[in-house]
Amino acid sequence: MSVKIPFEQLKSTAKKAFLNIGLTEEQAETCAHIHASSSADGVESHGMNRIPRFAEYVAKGWINLKGSPQLIKARGAAENYDGQLGIGITNALFCSQRAMKLADEHGIGLVALKNTTHWMRGGTYAWKMAEAGYIGISWINTESCMPMWGSDTKSVGNNPFCIAIPREDGQIVVDMAMSQYAYGKLGVYRLAGKKLPYPGGFDKDGKLTSDPGEIEDSMRILPTGYWKGSSLAIALDIAAAAISNGLCGSDMDDNNNGSCTGCSQIFIAIDPCMFGEKGEIQAMMNRRVERADSAHPIDPKHPVKCPGESTIERRKASMRDGVTVDENIWEQVCALAEGKGVSGHIE
């Protein structure tokens, strides 16, 4: 079951939880806002749902609350940082901001971050770059949690990839894992007692299924586009590790410190008007989106929309009607906010 919680209550409760976990006032404010905003945008899997696991990782020493990005080397429009296993959100925010600063100077900015932790909702940073007027591109590598195509064992990460377009009439944002459904999304459907809209993986007998619990048990999530998804996943993994001079997915497998601990991340900001006039470029974006959105829908009740448009609508509805949160997750976050900790199963 789920409950509707006013955004400010959601954020303030999350902030109390983070303060009790040991974050500073500034860190807690930032993380609470990002987690609450992710759930408000409809990304429950990497919003409020992730707070109990974050608390667990801090308790295990897998996250260094005092860690922050340290510059290793800079070359023109590119910089390389060591995240010191700091908080994934604050590390990623810093690096996306640096990428935008570099883009101001060079037209394009690339920041490679190694030795960091889970950035939670990957689209957060692409959205922020687009909202600031830049084309934003970012991705991350993870421990192995998905089979390569042709295998029945996990051997590659789902390695989320994000790209955002700064359209003033509504940003266009793609935020996708390399699996049909990320594990966090499987958890959202399982907690709600729902089947997936489309098959998302295999059961223990190797049959495609829409049952999220069966996929979680088999650990055989379905790569997006079958062989294409797992191929892109390993390419993103190696590229992130190479550019940042950091860990690749198999290195994280060997360390076995949970989800994304020690991962590598890439942030790219691009000035979309490097070679064109802003008004003309915005007009082109509007033409392209309007043509796509006018495509004939299969179901008239569900018109075609470019990625990001539905997110903006969900955000408005959440701010008006309250944010949807799983009841069990809300109880866990409230317990952390009351200083009681979380007992039992952590989602």
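Enquirer: Residue-level account of the side chain of Ser138, with values.
Expert: By secondary structure assignment, the location of Ser138 is in strand S5 (residues 135–140). Those residues in contact with Ser138 that lie beyond four places of it in its chain are Trp119, Gly122, Ala126, Pro160, Phe161, Cys162, Ile266 and Phe267.

Enquirer: Tell me about helix H3 (residues 51–60), and please be specific about residues and values.
Expert: Because an α-helix completes one turn every 3.6 residues, residues spaced three or four positions apart along the sequence face the same direction. Turning to H3, its buried residues are Ile51, Pro52, Phe54, Ala55, Tyr57 and Val58. Taken from the residues just after H3, Gly61 is the one with a positive phi, measuring 80°.

Enquirer: Describe the sheet that holds strand S12 (residues 263–270), with residues and values.
Expert: One open sheet accounts for 7 strands, arranged S2-S3-S4-S12-S5-S8-S9; its pairing is mixed. This sheet does not close on itself; its edge strands, each paired only once, are strand S2 (70–75) and strand S9 (172–176). Taking the axes of each pair of neighbouring strands and ignoring which way they run, one obtains an average angle of 10° across the sheet. Relative to S9, strand S8 (residues 161–165) runs antiparallel, the two sharing 5 bridges. Across the sheet, Ile163 pairs through a bridge with Val174, a residue of S9. Packed on one face of the sheet, helix H5 (residues 123–131) meets S5, S8, S9 and S12 and runs near 20° to S8.

Enquirer: Could you give an account of the packing of helix H1 (residues 7–21) against helix H12 (residues 327–337), naming the residues involved and the relevant values?
Expert: Contact geometry for H1 and H12: axes closest at 7 Å, N-to-C directions at 55°. As far as their axial angle goes, H12 and H1 are oblique. The way H1 lies across H12 gives a crossing that is left-handed. Contacts between H1 and H12 involve Gln9, Leu10, Thr13, Ala14, Lys16, Ala17 and Asn20 on the former and, on the latter, Trp330, Val333, Cys334, Leu336 and Ala337. When grouped by side-chain class, the residues that make up the contact of H1 with H12 number 8 nonpolar, 3 polar and 1 charged.

Enquirer: Could you give an account of the pattern of salt bridges, naming the residues involved and the relevant values?
Expert: Tallied over the entire structure, the rule returns 15 salt bridges. As a salt-bridge pair, Glu56 and Lys60 come within 2.9 Å of each other at their nearest N and O atoms. Highlighted residues: Glu56 and Lys60, both in helix H3, separated by 4 residues, approximately one helical turn. Judged by relative accessible area, Glu56 falls into the partly exposed class, the value being 25%. Overall, the relative accessible area of 44% leaves Lys60 in the partly exposed class. A salt bridge links Glu79 to Arg98; its shortest N-O distance comes to 2.7 Å.

Enquirer: I'd like a rundown of the environment of Ile63, residues and numbers included.
Expert: Structurally, Ile63 can be placed in the loop between H3 and S2. Overall, Ile63 belongs to the buried group, its relative accessible area being 9%. Sequence separation of Ile63 and Thr117 is 54 residues, and the distance between their C-alpha atoms is 6.9 Å. The residues touching Ile63, leaving out its near neighbours within four places in the chain, are Phe54, Tyr57, Val58, Leu85, Gly86, Ile87 and Thr117.

Enquirer: Report on helix H6 (residues 183–191), specifying residues and quantitative values.
Expert: Within H6, burial applies to Tyr183, Gly184, Leu186, Gly187, Val188 and Leu191. Contact partners of the buried residues in H6: helix H7 (212–218), strand S13 (323–326) and H12. Phi turns positive one or two residues past the end of H6, at Gly193, with a value near 70°.

Enquirer: An account of the packing of H1 against helix H2 (residues 25–40) is requested, with residue identities and associated values reported.
Expert: The contact between H1 and H2 brings their axes to 8 Å, and the two run at 135°. If you check the angle between H1 and H2, you find them oblique. Every pair of crossing elements has a handedness; the one defined by H1 and H2 is right-handed. Listed contacts from H2 to Phe7, Leu10, Lys11, Ala14, Lys15, Phe18 and Leu19 of H1 are Glu25, Ala28, Glu29, Cys31, Ala32, His33, His35, Ala36, Ser37, Ser39 and Ala40. Grouping the amino acids of the contact of H1 with H2 by side-chain chemistry returns 10 nonpolar, 4 polar and 4 charged.

Enquirer: Which residues make up unusual backbone geometry, and what values do they have?
Expert: We note that Met120 has phi near 65°; this positive angle belongs to a residue other than glycine. Considering the arrangement of structural elements, one finds Met120 in the loop between strand S4 (108–116) and H5. Backbone geometry at Tyr226 places phi at a positive 60°, although glycine is not the residue there. Summarising the element assignment, Tyr226 is placed in the loop between H7 and helix H8 (227–244).

About the thresholds
- Along every chain, residues carry numbers that run from 1 in the direction the sequence is written.
- The predicted origin of the model limits local features to residues at a pLDDT of at least 70 and limits the giving and counting of side-chain atom pairs to 80 or more, whereas totals for whole chains, interfaces and linings rest on all residues.
- Calculated side-chain values reflect all of the structure's heavy atoms, with hydrogen atoms and water omitted.
- Strands are runs of DSSP state E lasting at least two residues, helices are runs of H or I lasting at least four, and both sets are numbered from the N terminus onward.
- Pairs of residues are marked as contacts when any of their non-hydrogen atoms sit within 4.5 Å.
- The classification of residues rests on relative accessible area computed with a 1.4 Å probe and restricted to protein chains. Under 20% of the type maximum is buried, over 50% is exposed, and intermediate values are partly exposed.
- The criterion for strand pairing is that DSSP finds at least two bridges linking the strands in question.
- For helices, the fitted line uses only the C-alpha atoms of the stretch in contact; every axis is such a line through C-alpha atoms, and the angle between N-to-C directions lies from 0 to 180 degrees.
- Should an angle lie under 35 degrees it is considered roughly parallel, over 145 roughly antiparallel, and from 65 to 115 roughly perpendicular; all remaining angles are considered oblique.
- Each helix crossing is assigned a hand: it is left-handed if the near helix lies turned anticlockwise from the far helix by less than a right angle, otherwise right-handed if that turn is clockwise.
- The nonpolar class holds Ala, Val, Leu, Ile, Met, Phe, Trp, Tyr, Cys and Pro. Asp, Glu, Lys and Arg form the charged class, and all remaining residues, Gly among them, are polar.
- Within this document, salt bridges are pairs made up of a side-chain nitrogen of Lys or Arg and a carboxyl oxygen of Asp or Glu, the two lying within 4 Å of each other.

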